[in-house]
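Chain and residue survey
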Number of protein chains: 2
Amino acid sequence: MLGRVNHIAIAVPDLVSATTTYRDTLGARVSQAQRLPEHGVTVVFVELANTKVELLEPLGEDSPIAAFLAKNPSGGMHHICYEVDDILGARDRLKASGARVLGDGEPKTGAHGKPVLFLHPKDFNGTLVELEQV
Amino acid sequence: MLGRVNHIAIAVPDLVSATTTYRDTLGARVSQAQRLPEHGVTVVFVELANTKVELLEPLGEDSPIAAFLAKNPSGGMHHICYEVDDILGARDRLKASGARVLGDGEPKTGAHGKPVLFLHPKDFNGTLVELEQV
């Protein structure tokens, strides 16, 4: 069911500083920042040879990463996103196995304009899992 | 400087249960468990199309992931490993930029038999970074 790792997301308190770290200290290619108000984040992509790292900074008052940064003020690894071919089939299979899908269980349009779902971290060894249909 | 994402490591309290989750619930290909006493972990590889996830369970009394699991009993994302061509060059560049290399700063032989170094998570937005020379 799982395809490629689409991205690994890292929440950061300061995107300008994090961009400098990844670009200048680690020598990676880093995209321009994109504000995604409908997702409550500003995002930068660290473009690696086989996948990407997304650096996420909270945007607005109801950012979905605000609570995580309150607990982890320096930032930290926030979630991992796997690609799937059929997100509704994946969802139904996961629900049948007892895994919890976050929200109302209906795919939303993610930061890349594709359908996404998030799975409860308690069902996946403390790791927030995103599925993205590609 | 950064090449491919070699792996994303997830610490888990119970490798048998985590293997079942990734193989049966998420439908991924999962390797046999390997005991690595010199690294203080038993490891399973979740083999994805473009990279891999390493599931790590503590092995022995001085496991390097014991403290992490004491803080995160359900498990969680532990580190991200990037490939580099020249680990000594990377280390020197990182040290010159002020980043802290863990341990004595000399590469060790990692779980894949290749030279590795770990970088201080406080210098990388709360993310433990491993570099592996490939």
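Reading guide: rules and limits
For every chain, the first residue of its written sequence is number 1, and the numbers climb from 1 along that sequence. Chain A is the first chain written and ligand 1 is the first ligand written, with later ones labelled in order. Under the rules for a predicted model, residues below a pLDDT of 70 receive no local features and side-chain atom pairs below 80 are neither given nor counted, while totals for whole chains, interfaces and linings still include all residues. In computing side-chain values, all of the structure's heavy atoms are included and hydrogens and water are not. UniProt positions are given in the numbering used here, feature names are shortened, and annotations may be inferred rather than shown by experiment. Burial classes follow relative accessibility: with a 1.4 Å probe on protein chains only, a residue under 20% of its type's maximum area counts as buried, one over 50% as exposed, and anything between as partly exposed. Counting from the N terminus, the helices are DSSP H or I runs at least four residues long and the strands are E runs at least two residues long. Any two residues having at least one pair of non-hydrogen atoms within 4.5 Å are treated as being in contact. Polar contacts, as counted here, are pairs of nitrogen or oxygen atoms within 3.5 Å of one another; within protein the pair requires one atom able to donate a hydrogen and one able to accept it, and residues that are adjacent in sequence qualify only if both atoms are side-chain atoms. Throughout, buried area stands for the accessible area (probe radius 1.4 Å) lost by two parts on being put together, summed over both. The salt bridge definition used is simple: a Lys or Arg side-chain nitrogen within 4 Å of an Asp or Glu carboxyl oxygen. For this classification, the nonpolar set comprises Ala, Val, Leu, Ile, Met, Phe, Trp, Tyr, Cys and Pro, the charged set comprises Asp, Glu, Lys and Arg, and every other residue, Gly included, is treated as polar. Between any two strands, at least two bridges found by DSSP are needed for them to pair.

As recorded by an unreviewed UniProt entry, chain A carries the name Methylmalonyl-CoA epimerase and is attributed to Neorhizobium turbinariae. Per its UniProt entry, chain A bears the Sequence similarities (unreviewed entry) comment "Belongs to the methylmalonyl-CoA epimerase family."

**Things to note about helix α1 (residues 15–25) of chain B**
Buried residues of α1 of chain B: Leu15, Ala18, Thr19, Thr21, Tyr22 and Thr25 of chain B, and no others. Summarising the contacts, the buried residues of α1 of chain B are in contact with β6 (76–84) and α3 (87–96) of chain A together with β1 (5–11), β2 (29–30), β4 (41–47) and β5 (52–58) of chain B. With a side-chain oxygen lying 3.0 Å from the backbone nitrogen of Val16 of chain B, the N-terminal cap of α1 of chain B falls on Asp14 of chain B. After α1 of chain B finishes, the residue Gly27 of chain B shows a positive phi value of roughly 65°.

**A word on the environment of Gly60 of chain B**
Turning to its location among the elements, Gly60 of chain B is positioned in the loop between β5 and α2 (66–71). Here the alpha-carbon distance between Gly60 of chain B and Lys95 of chain B, two residues 35 residues apart in the chain, equals 32 Å.

**Remarks on the interface of chain B and chain A**
Listed as interface residues are 41 residues of chain B and, on the opposing side, 41 residues of chain A. Of the roughly 3200 Å² buried at the junction of chain B and chain A (both faces included), carbon and sulfur atoms supply 63%. For the chain B face of the interface with chain A, the top three residues by lost area are Leu26, Met77 and Asn125 of chain B, together amounting to 22%. Between chain B and chain A we count zero salt bridges in total. Going through the elements one at a time, β1, α1, β6 (76–84) and α3 (87–96) of chain B are the ones with two or more residues in the side of chain B that touches chain A. When the residues that make up the side of chain B that touches chain A are grouped by side-chain class, the tally is 21 nonpolar, 15 polar and five charged.

**Brief notes about the pairing of strand β8 (residues 115–119) of chain A**
All names here are of chain A. Looking at chain direction, strand β7 (residues 108–109) and β8 are connected through two bridges and run antiparallel. Pairing of Thr109 across the sheet is with Pro115, part of β8. Once β7 ends, the chain turns through five residues before running back antiparallel as β8, passing Gly113 with a positive phi of about 80°. Both β8 and strand β9 (residues 129–133) contribute to a ladder of four bridges, which runs antiparallel. Bridged to Val116 within β9 is Glu132.

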